[in-house]
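Chain and residue survey
In case you want the letters, here they are:
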Amino acid sequence: AEGFQHMLEMLGGAQAPSWEQAAQVAAAIASNGVSEANIDPLARISFEQLARVASLQVAAATGFSLIENGREIEVALITRAEWCSETLSAYRSLFEPLAGSLGGSIRLQMGELTEEDVDQIRQFLPSGANLDLSKLVSALQGAFGPALAAGLAGTVVGQLGSRAFGTYDLPIPRLMPQHLSVIGTALDEFSADWELPVEDLRLWMCLDELCHHAVLSVPHVGSQLSELLTEHARSFSLNEEKIGNYLQQLDLDPSALASGSGLEAFQAALMQPGFVLDALESSKQAELRPRIDALVTAVEGYVAWTVDSIGSRLIGSYSQVAEALRRRRIEADQATQFVERLFGLELTAAKLDTGRAFIDGLVQRAGVEVLTELWASRDSLPTPSDVVAPGLWLARMGIEISSELDLGEGSFEVPDFPDIEEQ
């Protein structure tokens, strides 16, 4: 509610909100209006050492290069405000088409309102409310343009930043980031809440961030996912049939609505995130979602498998850390789920389990080496049918199933844990 109010204030300004204003709004929401402390230099140094260790491990385990522009990709501790600023910049290419399709649908519907329609809306306002709805509609039609992109972005990124841990909290590719980022205070708070060793949690986060970056920075993987998410963002369209069906299911008493006694229930129903997104979902998005799900679940399954393979050997409290982070993922609040769906992502427990089962199935049937083939080309990326049946992907790639695999623990080797002090 607070984030929505921020967006309305921005849209209601005399001038279109800038992206600088969006960053300020996002930081305020993410930090709940509380001033953030600077990162402790000692914590930063310790984290950088862990990040270098994680980089060596991930590069060896995945075979992917973590070198960009001649430099090894770094992982840095940052504040929530810094995370919001970086994320706004990275997601701008999604927010602009997203705002364009949302705004276009809303402008179209507003443009079709007659004076009689406005009069009918007016009867639902509280008695004594002095509001010129005609002027309001006209003003909103002008606001739903470039202003919506910045207003929406500030609100959404602020919501994400209030809960985020790192750069890839959402598996959205970023174009050559200068570094990967982890929010220091968020990790410290989570460590204290779950009584986890903070160094173990930091190492896990470094592994997770670098694994995500390794696979999402493969050119055809990143471009494929970016294309799908961008197409989803530009395809929102008001679905009048779904709205009508939903309102019929509510079975609200018209006389109660007219008298105002049922207005609160009516408003609460319309503000449900599921209703809002269902009402705006187009047939194009329904076609895109299985393809997005297939790629994202495979990426998430691969990252989880790789982090488990490395982390279980290097992190003393790995099982406790992994369980705490799994609980955090599946217990995402309604606002976070709304934001994920807005981008075309649905990171449910069932879909994450499907991704992990897909990777496990490939390894069990064809060995660890087959994972290199998974990301080898755009044609090898899994389809919706593949991710629920690993054997289909193997058959499509012409890979024979091995009957002589050692599937016991220890079949996956990673380098020994380097001495941090020698880095």
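Residues numbered from 1 in each chain as written. Predicted model: local features only at pLDDT ≥ 70, side-chain atom pairs only at ≥ 80, totals over all residues. Heavy atoms only, no water.

1. Concerning the overall build of the protein
This is how it is decided: Numbering of helices and strands runs from the N terminus, with a helix taken as a DSSP run of H or I at least four residues long and a strand as a DSSP run of E at least two residues long. Only protein chains enter the accessibility calculation, which uses a 1.4 Å probe. A residue is then buried if its area is under 20% of the maximum for its type, exposed if over 50%, and partly exposed in between. The criterion used for residue contact is that any of the two residues' heavy atoms lie within 4.5 Å. Here the accessible surface of atoms and residues is derived via Shrake-Rupley with a 1.4 Å probe, and residues count as covered only by protein chains that are part of the display.
Counting its secondary structure elements, the protein contains 21 helices and four strands. Put simply, the protein has 423 residues, and 47% of those count as buried. Residue pairs at least 24 apart in sequence account for 82% of intrachain contacts in the protein once pairs closer than 6 positions are excluded. Working note: accessible area of the protein is about 20700 Å², and carbon and sulfur atoms make up 52% of it.

2. Quick word on empty space enclosed by the protein
Heads up, the rule is: A cavity here means a set of 1 Å grid points, computed over protein atoms only, where a 1.4 Å probe fits but cannot escape. A pocket is an open set with protein on both sides within 12 Å along at least 5 of 7 lines, and lining residues have an atom within 4 Å of a point. Grid points are joined across faces, edges and corners, and a volume is the space filled by probe spheres set on the points. Each residue gets one label: Ala, Val, Leu, Ile, Met, Phe, Trp, Tyr, Cys and Pro are nonpolar, Asp, Glu, Lys and Arg are charged, and the others, such as Gly, are polar.
Inspection of the entire model under this criterion finds two cavities of 30 Å³ or more. The space that makes up the largest cavity amounts to roughly 40 Å³. Lining the largest cavity, in full, are His232, Phe236, Leu277, Glu281, Arg289 and Arg341. For the lining of the largest cavity, a count of residues per class yields two nonpolar, one polar and three charged. As a volume, the second largest cavity reaches approximately 40 Å³. Mapped by element, the contributors of at least two residues to the lining of the second largest cavity are α15 (283-314) and α18 (349-366).

3. Observations regarding the pairing of strand β3 (residues 75-78)
For clarity, the threshold we go by: What makes two strands pair is DSSP finding at least two bridges between them.
Of the two faces of β3, both are covered, the one formed by Val75 and Leu77 as well as the one formed by Ala76 and Ile78. Relative to strand β4 (residues 180-183), β3 is paired through four bridges, and the arrangement is parallel. Looking at the pairing, Leu77 lines up with Val182 of β4.

4. Notes on the environment of Leu187
Examined against the element boundaries, Leu187 turns out to sit in helix α8 (residues 184-194). For the pair Leu187 and Glu199, spaced twelve residues apart in sequence, the C-alpha separation works out to 9.9 Å. Not counting the four nearest positions on each side in its chain, Leu187 is found in contact with Phe165, Val182, Leu201, Arg202 and Met205.

5. Digging into the packing of helix α9 (residues 198-216) against helix α16 (residues 318-330)
To keep things clear, this is the line we draw: Whenever a helix is involved, its axis is fitted only over the stretch in contact; in every case the axis is a line through C-alpha atoms, and angles between N-to-C directions fall within 0 to 180 degrees. Helix crossings are classified by the rotation of the near helix relative to the far one: an anticlockwise turn of less than a right angle makes the crossing left-handed, while a clockwise turn makes it right-handed.
At their nearest, the axes of α9 and α16 sit 10 Å apart, and the two run at 65° to each other. For α9 against α16, the interelement crossing comes out right-handed. On the side of α9, the interface is formed by Asp200, Leu201 and Trp204, while α16 contributes Tyr318, Val321 and Leu325. Per-class residue counts for the contact of α9 with α16 are five nonpolar, no polar and one charged.

6. Digging into unusual backbone geometry
Glycine aside, residues mostly have negative phi angles, and peptide bonds mostly take the trans form. At Asn32, a position not held by glycine, the phi torsion is positive, near 60°. Turning to its location among the elements, Asn32 is positioned in the loop between α2 (19-30) and α3 (41-62). Among the residues examined, Asn32 registers a relative accessible area of 57% and is labelled exposed. Positive phi is not limited to glycine here, since Glu195 has a value of about 55°. When you line up the elements, Glu195 lands in the loop between α8 and α9. Looking at Glu195, the relative accessible area reads 73%, which means it is exposed.

7. Here's the deal with the nonpolar core
We count it as follows: Only buried residues count toward a nonpolar core. Its members are Ala, Val, Leu, Ile, Met, Phe, Trp, Tyr and Cys residues joined through side-chain atoms within 4.5 Å.
Formed by 102 residues in total, the largest nonpolar core has its most connected members in Phe95, Val215, Phe343 and Trp375. If one sorts the elements of this core by residue count, α15 sits on top with 13 residues. If we ignore the near neighbours within four places in the chain, the residues touching Phe95 are Trp19, Ala149, Leu152, Ala153, Val156, Val157 and Phe343.

8. Structural notes on the side chain of His212
One can find His212 in helix α9. The residues touching His212, leaving out its near neighbours within four places in the chain, are Tyr168, Pro171, Val299, Glu300 and Val303.

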